[in-house]
Amino acid sequence: MRLLLVEDDVMIGESVLDALRGEGYAVDWVRDGAVADSALRTEQYDLVLLDLGLPKMDGIAVLKALRTRRETTPVLIATARDAVSARIAGLDAGADDYVLKPYDLDELSARIRALLRRAAGRAEPVFSYGRISLNPATHEALLDGEPVALSQREWAVLEALIARPGMILSRAQLEEKLYSWKDEISSNAVEVYVHSLRKKLGPDLIRNIRGMGYMIAKEPAPASPSRDGGGDGSHTPEADSVDDGGDGGDGGDGGGDGGGV
Ligand code: CA
């Protein structure tokens with residue numbers, strides 16, 4: 001998930017930036033309203049954390065401009081505890097929620113998770129998909145109830161795909177969710193993460209849609225027989241995207257059996 005942090009106070013901005021990066025978000029930090037406005041016109045963010053008192057263009061103006069463009073990006077405004085009227089103005093200008101400054105970083109993280117969940121049309125806090133469950137609050141991933149260790153970026157790729165089963169995300173769209181402006185992007189990074197996710201979670205989870213990108217099927221494959229019970233050696237039916245080769249190539253595995261999508 002990629003967030004825009006708009007905060008003019010350097011000390012506060014640094015601590016929030018650290019906290020959000022620690023949660024695995026890709027974060028761009030801008031320090032005045034004009035830069036925030038232009039970032040929002042050119043980049044796609046999953047959420048904006050917007051201080052209201054800003055140089056050059058105040059937060060309410062940034063927010064109004066965003067909503068005038070009919071952008072639905074969730075916006076969390078930050079105001080001082082006693083600034084009730086600013087809070088009301090922000091909510092009425094199109095903010096989705098607010099946090100109080102000074103920030104309580106745990107509360108901030110929880111409100112961000114709640115807004116991201118709502119933006120994805122979900123009510124339940126944990127992603128469940130077939131044999132996999134992902135808990136954004138704890139960053140715990142389970143396969144058949146057993147913990148699976150994922151790196152932050154593996155997690156980010158999986159979360160982006162599992163949030164919208166059936167939707168194809170291009171490599172560029174996935175990269176946007178993984179990297180902020182400052183990060184170097186290696187050209188095959190997404191393929192590398194997909195490859196390791198397949199190794200950890202099963203070869204047929206993430207499909208490679210030739211020439212378009214990646215997706216997770218709308219419905220999980222039917223549960224396979226329990227691992228110690230069945231032993232019939234059968235493969236799950238839709239393993240059209242098996243990719244053991246590590247070549248990571250864009251369309252290396254398409255198979256062409258005309259299966260799914
Ligand atoms: Ca400020």
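Let us look at the structure shown here. Fair warning: this is a prediction, and the values are worked out from it, not measured in the lab.

According to the stated counting rule, one finds 16 salt bridges in the structure shown. Across the salt bridge formed by Arg41 and Asp37, the nearest N and O atoms sit 2.8 Å from each other. With Arg41 and Asp37 both in helix α2 (residues 33-42) and 4 residues apart, this pair spans about one turn of that helix. Across the pair Lys101 and Asp51 runs a salt bridge whose closest N-O atoms are separated by 3.1 Å.

Mapped onto the elements, Gly90 comes out in helix α4 (residues 84-92). What makes Gly90 buried here is its relative accessible area of 0%. Separated by 26 residues in sequence, Gly90 and Lys64 have C-alpha atoms that sit 8.9 Å apart. Sequence-distant contacts of Gly90, defined by excluding residues within four places in its chain, comprise Ile60, Leu63, Ile77 and Ala95.

Now for the coordination of the calcium ion. Under perfect tetrahedral coordination by four donors, a metal shows angles of 109.5 degrees; under perfect octahedral coordination by six donors, it shows angles of 90 or 180 degrees. The coordination sphere of the calcium ion contains the protein donors Asp8 (OD), Asp51 (OD) and Gly53 (O), at a distance range of 2.1 to 2.3 Å. Going along the chain, you hit the donors of the calcium ion in the pattern D-x42-D-x1-G. On the basis of relative accessible area, Asp51 is assigned to the buried category, the value being 6%.

Each α-helix turn comprises 3.6 residues. Residues three or four places apart therefore point the same way. The terminal C-alpha atoms of helix α1 (residues 10-22), which comprises 13 residues, lie 18 Å apart, in line with the 18 Å expected from a rise of 1.5 Å per residue. What α1 keeps buried is the set Gly13, Val16, Leu17 and Leu20. Relative to the axis of α1, the buried residues are bounded by an arc of 105 degrees and lie together on one face. Among the exposed residues of α1, those pointing more than 90 degrees away from its buried face are Met11, Asp18 and Gly22. Contacts from the buried residues of α1 go to β1 (2-6), β2 (26-30), β3 (47-51) and α5 (105-119). N-capping of α1 is provided by Asp9, with a side-chain oxygen placed 3.0 Å from the backbone N of Met11. Immediately downstream of α1, the backbone of Gly24 shows phi near 95 degrees, a positive value.

In this section: the environment of Ala137. Take Ala137: it is sitting in the loop between β7 (132-135) and β8 (140-143). Counting along the chain gives 114 residues from Ala137 to Glu23, while the straight-line C-alpha distance between them is 8.9 Å.

Thresholds applied
- Residues numbered from 1 in each chain as written.
- Predicted model: local features only at pLDDT ≥ 70, side-chain atom pairs only at ≥ 80, totals over all residues.
- Heavy atoms only, no water.
- Salt bridge = Lys/Arg side-chain N within 4 Å of Asp/Glu carboxyl O.
- Helix = DSSP H or I, 4+ residues; strand = E, 2+ residues; numbered from the N terminus.
- Buried < 20%, exposed > 50% of the residue type's maximum accessible area, 1.4 Å probe, protein only.
- Contact = heavy atoms within 4.5 Å.
- Donors = N, O, S within 2.8 Å, 3.2 Å for Na, K, Ca; no water.
- Expected span 1.5 Å × (residues − 1).
- Arc of directions from axis to C-beta.
- Polar contact = N/O pair within 3.5 Å; in protein donor to acceptor, adjacent residues only side chain to side chain.

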